[in-house]
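Here is what each chain is made of, one letter per residue.
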Amino acid sequence: MNKVKPHHWKGAKPDPDNYYGFIYIITNTITDKKYIGRKFYHRWSKRKKVGDSNWRDYTGSCAPLTADIEQFGKENFKFVIKKQYKYRGNVVYYEANYQHKLNVLTERDDTGERTWYNGNIGAIRFIPKKEDK
């Protein structure tokens, strides 16, 4: 059993020995804008584990999120592991499932600004136009 090295994640205790990966939410504590995504604990090649991923230092791959982390500083973001999964398919499925349920492409605040950094679900980029009520 490996000892977990330092990382910035809160929430569920990371367990790379027993799980394939996790679903996470990153929150900008200044603007309250959020990002939900997934991360695998290990790198794989031809169905064989070839090493650890960069999960300990990972801060997301979304360009607007990365820009805000650079602008506001990493200390102004919360990095929370919501749930871990034993199988790759579950990590991939539940990322998209949560993104749909949380309306990451359509939810807006009182000023009309989007509340999530996410710009796609399952690599499909389609943010619907705001509908008149």
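Residues numbered from 1 in each chain as written. Predicted model: local features only at pLDDT ≥ 70, side-chain atom pairs only at ≥ 80, totals over all residues. Heavy atoms only, no water.

A.B. asks: Just checking my understanding: could you explain the overall build of the chain for this structure?
C.D. replies: A count of helical and extended segments in the chain gives 2 helices and 6 strands. Counting from the amino terminus, the chain carries its helices and strands in the arrangement β-β-β-β-β-α-β-α. Against the 2.2 N^0.38 benchmark of 14 Å for 133 residues, the chain shows a C-alpha radius of gyration of 16 Å, consistent with a compact globule. Each principal axis of the C-alpha atoms in the chain carries an extent, and together these give about 55 × 30 × 20 Å. Counting across all 133 residues of the chain, residues that qualify as buried make up 38%. Contacts in the chain between residues at least 24 apart in sequence constitute 57% of all its contacts with a sequence separation of at least 6. Counting every atom, the chain has about 9,100 Å² of accessible surface; 49% of that belongs to carbon and sulfur. (Helix = DSSP H or I, 4+ residues; strand = E, 2+ residues; numbered from the N terminus. Rg over C-alpha atoms; globule rule 2.2 N^0.38 Å. Buried < 20%, exposed > 50% of the residue type's maximum accessible area, 1.4 Å probe, protein only. Contact = heavy atoms within 4.5 Å. Areas by Shrake-Rupley, 256 points an atom, 1.4 Å probe, with all protein chains shown as cover.)

A.B. asks: Explanation requested: the pattern of salt bridges in the structure shown.
C.D. replies: Applying the stated criterion across every chain, the model contains 3 salt bridges. Across the salt bridge formed by Lys-34 and Asp-32, the nearest N and O atoms sit 3.8 Å from each other. With a relative accessible area of 48%, Asp-32 lands in the partly exposed category. One salt bridge connects Arg-56 with Asp-52, and the closest N-O pair in it is separated by 3.8 Å. In this structure Asp-52 comes out as partly exposed when scored by relative accessible area, which is 40%. (Salt bridge = Lys/Arg side-chain N within 4 Å of Asp/Glu carboxyl O.)

A.B. asks: In this structure, what is going on with the pairing of strand 2 (residues 21-28)? I would like to understand it.
C.D. replies: In the case of a regular strand, side chains alternate between the two sheet surfaces. Taken across its 8 residues, strand 2 has 8 buried, putting it largely inside the fold. Of the two faces of strand 2, the one holding Gly-21, Ile-23, Ile-25 and Thr-27 and the one holding Phe-22, Tyr-24, Ile-26 and Asn-28 are both buried throughout. As defined by bridge partners, strand 2 adjoins strand 3 (residues 34-40) across 7 bridges and the pair is classed as antiparallel. Opposite Ile-25, over in strand 3, you have Ile-36 as the bridge partner. The hairpin formed by strand 2 and strand 3 contains 5 residues between the paired strands, and Asp-32 there has a positive phi angle of roughly 70 degrees. Note that strand 2 and strand 6 (residues 77-85) share 8 bridges and pair antiparallel. Residue Asn-28 lies in a different strand from strand 6, and its bridge partner there is Phe-77. (Pairing = 2+ DSSP bridges.)

A.B. asks: I would appreciate a short explanation of the nonpolar core in the present structure.
C.D. replies: For soluble globular proteins, nonpolar side chains are generally found buried alongside one another. In this structure, Trp-9, Phe-22, Tyr-24, Leu-65 and Phe-77 are the most contacted members of the largest nonpolar core, which totals 15 residues. Within the residue set of this core, elements represented by two or more residues are strand 2, helix 1 (63-72) and strand 6. Apart from residues lying up to four places away in sequence, Phe-22 is in contact with Trp-9, Gly-37, Arg-38, Lys-39, Tyr-41, Trp-55, Ile-81, Lys-83, Gln-84 and Val-91. (Core = buried A, V, L, I, M, F, W, Y, C linked by side-chain atoms within 4.5 Å.)

A.B. asks: Explain the sheet that holds strand 1 (residues 10-11) to me, please; I cannot follow it from the model alone.
C.D. replies: Two pairing modes exist for strands in a sheet, parallel and antiparallel, and in both the strands are linked by backbone hydrogen bonds. Taken in spatial order, the 4 strands line up as 1-6-2-3 in an open sheet, and their pairing is mixed. Of all strands in the sheet, those with a lone pairing partner are strand 1 and strand 3, marking the two edges. Lying over the sheet, helix 1 contacts strand 2, strand 3 and strand 6, oriented at roughly 140 degrees with respect to strand 6. Across the sheet, helix 2 (residues 88-101) lies against strand 2, strand 3 and strand 6, angled at about 175 degrees from strand 3, the strand it touches most. (Axes fitted to C-alpha atoms, helices over the stretch in contact; angles between N-to-C directions.)

A.B. asks: Could you clarify how one ought to interpret the environment of Arg-114 in this entry?
C.D. replies: Mapped onto the fold, Arg-114 is located in the segment after helix 2. Overall, the relative accessible area of 18% leaves Arg-114 in the buried class. Sequence-wise, Arg-114 and Ser-61 are 53 residues apart; in three dimensions their C-alpha atoms are separated by 18 Å. Within the structure, the side chain of Arg-114 is placed 2.9 Å from the backbone oxygen of Val-104, a separation counted as a polar contact. (Polar contact = N/O pair within 3.5 Å; in protein donor to acceptor, adjacent residues only side chain to side chain.)

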